[in-house]
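Structural characterization, general
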Amino acid sequence: MSWRTTRAAARVDRESRQTAVIDLGSNSWRVVVFTYSPRRWWKRTDELYETVRIGAGLAATGRLSEEAIRRGMETLVVFERFCRAHGLEPDDVHPIATSAIRDASNRDEFLARAHEATELKIEVLSAHGPA
């Protein structure tokens, strides 16, 4: 354990909070839980990683395959349970979808199925960045 981890752990107090970010990439997905004290400190508390390959076959068809969507739904459910085990409410979890989901012609179908399977509110990043 590093001295930074030890110092941050010693600071966990009633002011500390948790949040999670879920990166829904084209190949791999990751959920990272952070503990923080607003304007004071933060630390990575826990994380999970899964090779979902949501973009497999996208270049050829322009669509997310049924198999890839199924893998994605299974992983989203696991990630949601992982966040709940950390005491996080859905509003404390920030799933972010990148190019594969954004560019898929069946993106809306994927997002609807994710909404049915979980309480997570997925944000799809713009290809052009912030305005």
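Residues numbered from 1 in each chain as written. Predicted model: local features only at pLDDT ≥ 70, side-chain atom pairs only at ≥ 80, totals over all residues. Heavy atoms only, no water.

1. Topic: the pattern of salt bridges
Going through the model one piece at a time under the given rule, you end up with 13 salt bridges. Glutamate 119 is the salt-bridge partner of arginine 84, the closest N and O atoms lying 2.6 Å from each other. Here the residue arginine 84 occupies a position in helix α3 (residues 66–85), and glutamate 119 occupies one in the loop between α5 (107–117) and β5 (123–124), the gap between them amounting to 35 residues. Assessed through its relative accessible area of 45%, glutamate 119 is described here as partly exposed. For aspartate 103, the salt bridge is made with arginine 102, and the minimal N-O distance between the two is 3.3 Å. (Salt bridge = Lys/Arg side-chain N within 4 Å of Asp/Glu carboxyl O. Helix = DSSP H or I, 4+ residues; strand = E, 2+ residues; numbered from the N terminus. Buried < 20%, exposed > 50% of the residue type's maximum accessible area, 1.4 Å probe, protein only.)

2. Some points on the nonpolar core
By size, the foremost hydrophobic cluster in this structure holds 27 residues, and its most contacted members are Leu24, Trp29, Ile54, Leu76, Ile101 and Phe110. Secondary-structure elements contributing two or more residues to this core are β1 (17–24), β2 (28–37), α3, β4 (93–97), α4 (99–103) and α5. Broken down by element, the residue count for this core peaks at seven residues, all from α3. Here isoleucine 54 is in contact with Gly25, Ser26, Trp29, Leu64, Ala68, Ile69, Ala100, Ile101 and Phe110, once residues within four sequence places are set aside. (Core = buried A, V, L, I, M, F, W, Y, C linked by side-chain atoms within 4.5 Å. Contact = heavy atoms within 4.5 Å.)

3. Comments concerning α3
Here α3 contains 20 residues, and its C-alpha end-to-end distance of 29 Å stays within 8% of the 28 Å for a straight helix at 1.5 Å per residue. What α3 keeps buried is the set Ala68, Ile69, Arg71, Gly72, Met73, Thr75, Leu76, Phe79, Glu80, Phe82 and Cys83. For α3, the elements touching its buried residues are β1, β2, β3 (41–51), β4 and α5. Where α3 terminates, the next one or two residues include glycine 87, which has phi positive at roughly 80°. (Expected span 1.5 Å × (residues − 1).)

4. Re the environment of alanine 56
Structurally, the position occupied by alanine 56 is in the loop between β3 and α2 (58–61). Separated by twelve residues in the primary sequence, alanine 56 and alanine 68 place their C-alpha atoms 6.9 Å from one another. Those residues in contact with alanine 56, other than ones at most four positions away along the chain, are Ser65 and Arg71.

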